[in-house]
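Listed here are the chains, written in short residue letters.
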Amino acid sequence: MMKNKAAGKSNKDHFASTLANLSVNREVPKSAYFLLLLLYLLVNSATRHLSSATDMFFLYGLEIPKTMLSGVFASLGNILIILLVILFGKLGFITSCVLMALQFPRLLMAIFMAHNYATIQGIFTNLFTLVASVIIFMNQRRLKTYQAKMREQAITDQLTGIPNRFACFELMNDLIDKHERFVLVSTDLNNFKSINDTMGHEIGNEILIEICERWKAIASSPDAETVDFLARPGGDEFLLVIRGYENEAGIEKAIHRYQSALEEKITIEDCDYFLNASFGYAEYPNDASSSITLVSYADTAMHEVKNSAKNDRILHFSQDLSKIEQNLATERKIRNALENDTIFFQLQPQYDIDHKLRGFEALARMKDADGSMISPGLFIPVAEKIGLIDKVDLSVFRKSAMFFGELLKRTGADITLSINISVRHLMKNNFMEEIRDVLEKSGLAAKNLEIEITESIMIDSIDKALEVIGEIKDMGIKIAIDDFGTGYSSLSYLNKFPADLLKVDKSFIDEMNSGESSKQYVATIISIGHIMNLDVISEGVEDESQLKTLKEIGCDYIQGFIWGKPLPPEEADKLVVAEFGTI
Ligand code: C2E
Ligand code: MG
Ligand code: MG
C-alpha cells in the first residue's frame, strides 16, 4: 500500500505539531510580525519627513503646518512598538528596543547639530515608550509562564501525561472547521474495574501508564500509515483521532495496531496482567458532523462490542446501534418505573354516535426523569420485547380498575373500562387469576370491563389465545379487537373469534376522506363487523368531516380527539359526574 502523504513525516513530529496547533496553543502568525515592522518603518519615515517639512496643508479650509502631523505619526509609531511587545513577546521586545535605540542618534543630532529643540519632546516620548515596553514585557513574561502552565494542565491528562478529553475535542473541532476527514475511536479496557478492585488503584494506575506508553509509541511511530492522536478522557477510556487513512480497511488496520499492543502481558511488581480492549469508531463527516455526536456514536459502538459475545473487538458505528442504545435506555426507564411503581394511566373517552358516553380506554403513561412524557409508541414495544409488558399491563389494569370501580359505585354509571392487554400477557398461566383478583379488589363488575387485544399479534397463536378468550368471555368480560385492519385480517379467524367490538385503526380513518375507495374500505370493515354481530368503533377521529362520513356509513362508536383526548383520572371523573351525577 502506498504510504500516506500525511504519514510520511515522522508521527512524533505530527503529535507535537498537532498539540502545538490546537487552537488553545495557537500563536499570532509570524506574517503579522513582519507587517507590523513594515508599518512601523513607513510611519517612522513619514514622521521624519513631516518633522522637517515647512509647507502647509488644508483641512476643511484651515491652513495647518505639516510639522503638526509628525506628532500624530510619532504616536502611531509608539503604539506599533507596544503592539510588537504585546503580540510577539521576547522577539517583539528586542525588535522594539533596537528600533528605538536607532532613533536616539537621529534625535540627538537634530538637537545638537541642527539645534532643532522641538525634538527634545521626541527624546522623552521615546524614553517613556521604552520604559512602557520594558514594563509590559516583564509583565507579559510572568503571565506567559503562568498561562503556559495552565494551558499545559488544561490539555494534559495528569496521570499519563498524554492529551486529555479537552485536547481531543479541540483537535476534532479544528479538523471539522477545516472539513478534514477523520475517525474518532473510543476505547475502553475490558475488565479493568476488577483489577482496580482486587489489586488496588496504585496497580491500576501503573497498568494505565504502561498501556499509555505502548499506545503513545504506536501513535508516534514513524512507520505508521495514518496520523494518530491519542488522548485519555479518564478512567480506563482512551480516545484516538485517526487521519490519513484510505479506506475502511485502513482504519481497522490502524486500530488493530493498538489492539495488538495489548497482546503482550503487562508485568507490574512481579505480577503478570493480560488485558484487552474494546474499540468503537465513528467517522467525520460520514457518520456525524459534530464532535459530541461522534464521541457518542463511537461510545455506542464500543459498548456494543463490549457487551457482545463475539471475539471481534472493533466495530464501526451504524444507525441500528443507535436504536439498540435507545432501546436499552428505554428498558432501564421501564424497569425503574416498575420498581418505583410510577407507571400511571390516562383515560380516553369513547362515545356512541349520538355523543353519549360509552366508557374509557385506559392508556399507559410513563414519565422521563425530566418530567416529559415517554410515548407508549416507544416504550410498549420495548416492554413487549424484554418480557415486561405483562407487568406494565397489569399496573395500568390494577390502577385504572381501582379508580373505575370506585367511580361507578359513586355515580351508578353503567359504562365500560377498556384495557389493552398484550397477547404475551394473555398467554401467561396466571392471567385469569390476575383478572379475578383485580375485579374482586376493585369491585368492578365483569360486564363493565373490556379487554382490547391487538389483532396482528393475536393471529400468531390463535388456538391458545382462543382458549383464554373463551374463559374471559365466560366471566362476562367484553373483548375488543384493537387496531383492526393493520394485521392479516382473515374472515375465517374473525368468525372464530368471540369478540364484541371491532376497533378500526386510526390509519384508515386518516385516509378515509381522501377518496371514494378509502371511504368504501372503512364502510366494508363496518359492514363485516355488523355481519359478524360486532359493534364497530373508529379510533383517531379528529375532525367533523370524518365524523360525518362515519355517521353516514353506520359506525357505532367514536374514539378520538374530536370528542376527547386521553384525560388524567380526575378529569375523567368530572366528565362522568357531569353526565351521570352521583348517587
Ligand atoms: P391503541 O390501543 O390503539 O390506543 C389508541 C391510541 O391512539 C392512543 O395512543 C391514543 O392516544 C391515540 N389516539 C386516540 N385518538 C386519537 C386522535 O384523534 N388522534 C391521534 N393522533 N391519536 C389518537 P397512545 O396512548 O400513544 O397509545 C399507543 C398504543 O400503545 C396504544 O394504541 C396501545 O396499542 C399501546 N398501549 C397503550 N397503553 C397500553 C397498555 O397499558 N398495555 C398495552 N399492552 N399497550 C398499551
Ligand atoms: Mg387500544
Ligand atoms: Mg388501536
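### Here's the deal with the coordination of the magnesium ion (ligand 2)
Here comes step 1: Distances from the magnesium ion (ligand 2) to its protein donors, Glu-361 (OE), Asn-420 (OD1), Glu-452 (OE) and Asp-482 (OD), fall within 2.0 to 2.2 Å.
Here comes step 2: Between consecutive donor residues of the magnesium ion (ligand 2), the sequence gaps follow E-x58-N-x31-E-x29-D.
Here comes step 3: Here Asn-420 falls in the partly exposed class, since its relative accessible area comes to 24%.

### Some thoughts on the coordination of the magnesium ion (ligand 3)
Here comes step 1: Asp-482 (OD), Asp-483 (OD), Glu-539 (OE) and Glu-539 (OE) make up the full set of protein donors to the magnesium ion (ligand 3), lying at 2.0 to 2.5 Å.
Here comes step 2: All donors of the magnesium ion (ligand 3) come from a single chain, and their spacing in sequence reads D-D-x55-E.
Here comes step 3: The distance between the magnesium ion (ligand 3) and the magnesium ion (ligand 2) is 4.1 Å, with Asp-482 acting as a donor to both metals. Taken together, the residues Asp-483 in strand S15 (residues 478-484) and Glu-539 in strand S17 (residues 535-539) connect sequence positions 56 residues apart.

### Section: the site of ligand 1
Here comes step 1: The environment of ligand 1 is made up of 23 residues, and the closest members are Arg-365, Asp-393, Asp-482, Glu-542 and Phe-561.
Here comes step 2: Alone, ligand 1 offers 800 Å² of accessible surface; in the complex the protein occludes 81% of this.
Here comes step 3: For the shell around ligand 1, the secondary structure elements donating two or more residues are strand S11 (357-367), helix H12 (376-385), helix H13 (389-411) and S15.
Here comes step 4: Top element by residues in the shell around ligand 1 is S11. It accounts for four residues.

### Regarding the sheet that holds strand S4 (residues 227-234)
Here comes step 1: Taken in spatial order, the five strands line up as S4-S5-S3-S8-S9 in an open sheet, and their pairing is mixed. Since the sheet does not close on itself, it has two edges, and those belong to S4 and strand S9 (314-316), each with one partner. Strand-to-strand, the axes of this sheet are offset by a mean angle of 20 degrees, without reference to chain direction.
Here comes step 2: Of the strands in this sheet, strand S3 (182-189), S4, strand S5 (237-243) and strand S8 (277-284) are in contact with helix H6 (residues 165-177), which crosses S5 at around 25 degrees.
Here comes step 3: Sheet strands touched by helix H8 (residues 201-219): S3, S4, S5 and S8. Its angle to S4, the strand with the most contacts, is close to 160 degrees.

### Some points on the domain arrangement of the protein
Here comes step 1: Per the domain assignment, the segments of the protein are domain 1 (26-155), domain 2 (165-317) and domain 3 (328-574).
Here comes step 2: Computed over C-alpha atoms, the centres of domain 1 and domain 3 are 84 Å apart.

### Quick word on the pattern of salt bridges
Close approach of charged atoms allows side chains with opposite charge to pair.
Here comes step 1: A complete count under the given rule lists 29 salt bridges for this structure.
Here comes step 2: Residue Lys-503 is joined to Glu-452 by a salt bridge in which the shortest nitrogen-to-oxygen separation is 2.6 Å. In this pair, Lys-503 is assigned in strand S16 (residues 501-504) and Glu-452 in strand S14 (residues 449-454), connecting sequence segments 51 residues apart.
Here comes step 3: Using a relative accessible area of 0% as the deciding quantity, one classes Lys-503 as buried.
Here comes step 4: Taken together, the shared-partner salt bridges connect Glu-361, Glu-452, Lys-503 and Glu-539 into one network.

### Remarks on the nonpolar core
One recurring pattern in soluble globular proteins: nonpolar side chains tend to sit buried together.
Here comes step 1: Among the nonpolar cores identified, the biggest contains 77 residues, and Phe-404, Leu-417, Leu-426, Phe-431, Ile-451, Ile-472 and Leu-550 are the most heavily contacted of them.
Here comes step 2: Broken down by element, the residue count for this core peaks at ten residues, all from H13.
Here comes step 3: In this structure, Phe-404 is in contact with Phe-360, Ile-415, Thr-416, Leu-417 and Leu-444, ignoring residues within four places of it in sequence.

### Here's the deal with a nonpolar patch on the surface
Here comes step 1: Together, Val-28, Leu-76, Ile-79, Leu-83, Ile-86 and Leu-87 make up an exposed nonpolar region whose accessible area comes to about 450 Å².
Here comes step 2: Following the sequence through the fold, Leu-76 ends up in helix H4 (residues 67-112).
Here comes step 3: Exposure remark for Leu-76: the relative accessible area of 40% places this residue in the partly exposed category.

### Structural notes on the pairing of S17
Here comes step 1: Buried residues dominate S17, accounting for four of its five residues.
Here comes step 2: Examined bridge by bridge, S16 and S17 share four bridges and lie parallel to one another. The residue bridging Leu-502 from the neighbouring strand is Val-536, located in S17.
Here comes step 3: Looking at chain direction, S17 and strand S18 (residues 557-559) are connected through three bridges and run parallel. Paired with Ile-537 across the strands is Tyr-557, a residue of S18.

### Remarks on unusual backbone geometry
Here comes step 1: For the bond running from Tyr-284 to Pro-285, omega is 5 degrees, close enough to zero to count as cis.
Here comes step 2: By secondary structure assignment, the location of Pro-285 is in the loop between S8 and helix H10 (291-307).
Here comes step 3: If you check the backbone angles, Glu-269 has positive phi at about 50 degrees while not being a glycine.
Here comes step 4: Locating Glu-269 in the fold gives a position in the loop between strand S6 (266-268) and strand S7 (271-273).
Here comes step 5: For Glu-269, a relative accessible area of 68% puts it in the exposed group.
Here comes step 6: Phi is positive for Asp-270, which is not a glycine, with a value near 65 degrees.

### Considerations on helix H7 (residues 192-199)
Here comes step 1: For H7, the set of buried residues is Phe-192, Ile-195 and Asn-196. Looking straight down H7, one finds its buried side chains confined to an arc of 100 degrees; they lie on one side. Exposed and oriented more than 90 degrees from the buried face of H7 are Lys-193, Asp-197 and Thr-198.
Here comes step 2: Where the residues of H7 are buried, they touch S3, H8 and S7.
Here comes step 3: Phi for Gly-200, located one or two positions after H7, is positive at around 95 degrees.

Here is what the cut-offs are and how they apply
- Residues numbered from 1 in each chain as written.
- Chains lettered and ligands numbered in written order.
- Predicted model: local features only at pLDDT ≥ 70, side-chain atom pairs only at ≥ 80, totals over all residues.
- Heavy atoms only, no water.
- Donors = N, O, S within 2.8 Å, 3.2 Å for Na, K, Ca; no water.
- Buried < 20%, exposed > 50% of the residue type's maximum accessible area, 1.4 Å probe, protein only.
- Helix = DSSP H or I, 4+ residues; strand = E, 2+ residues; numbered from the N terminus.
- Near = heavy atom within 4 Å.
- Areas by Shrake-Rupley, 256 points an atom, 1.4 Å probe, with all protein chains shown as cover.
- Pairing = 2+ DSSP bridges.
- Axes fitted to C-alpha atoms, helices over the stretch in contact; angles between N-to-C directions.
- Contact = heavy atoms within 4.5 Å.
- Domains from an automatic or database assignment.
- Salt bridge = Lys/Arg side-chain N within 4 Å of Asp/Glu carboxyl O.
- Core = buried A, V, L, I, M, F, W, Y, C linked by side-chain atoms within 4.5 Å.
- Patch = residues over 30% accessible without salt bridge, like charges linked within 9 Å, V, L, I, M, F, W, Y side chains within 5 Å.
- Arc of directions from axis to C-beta.

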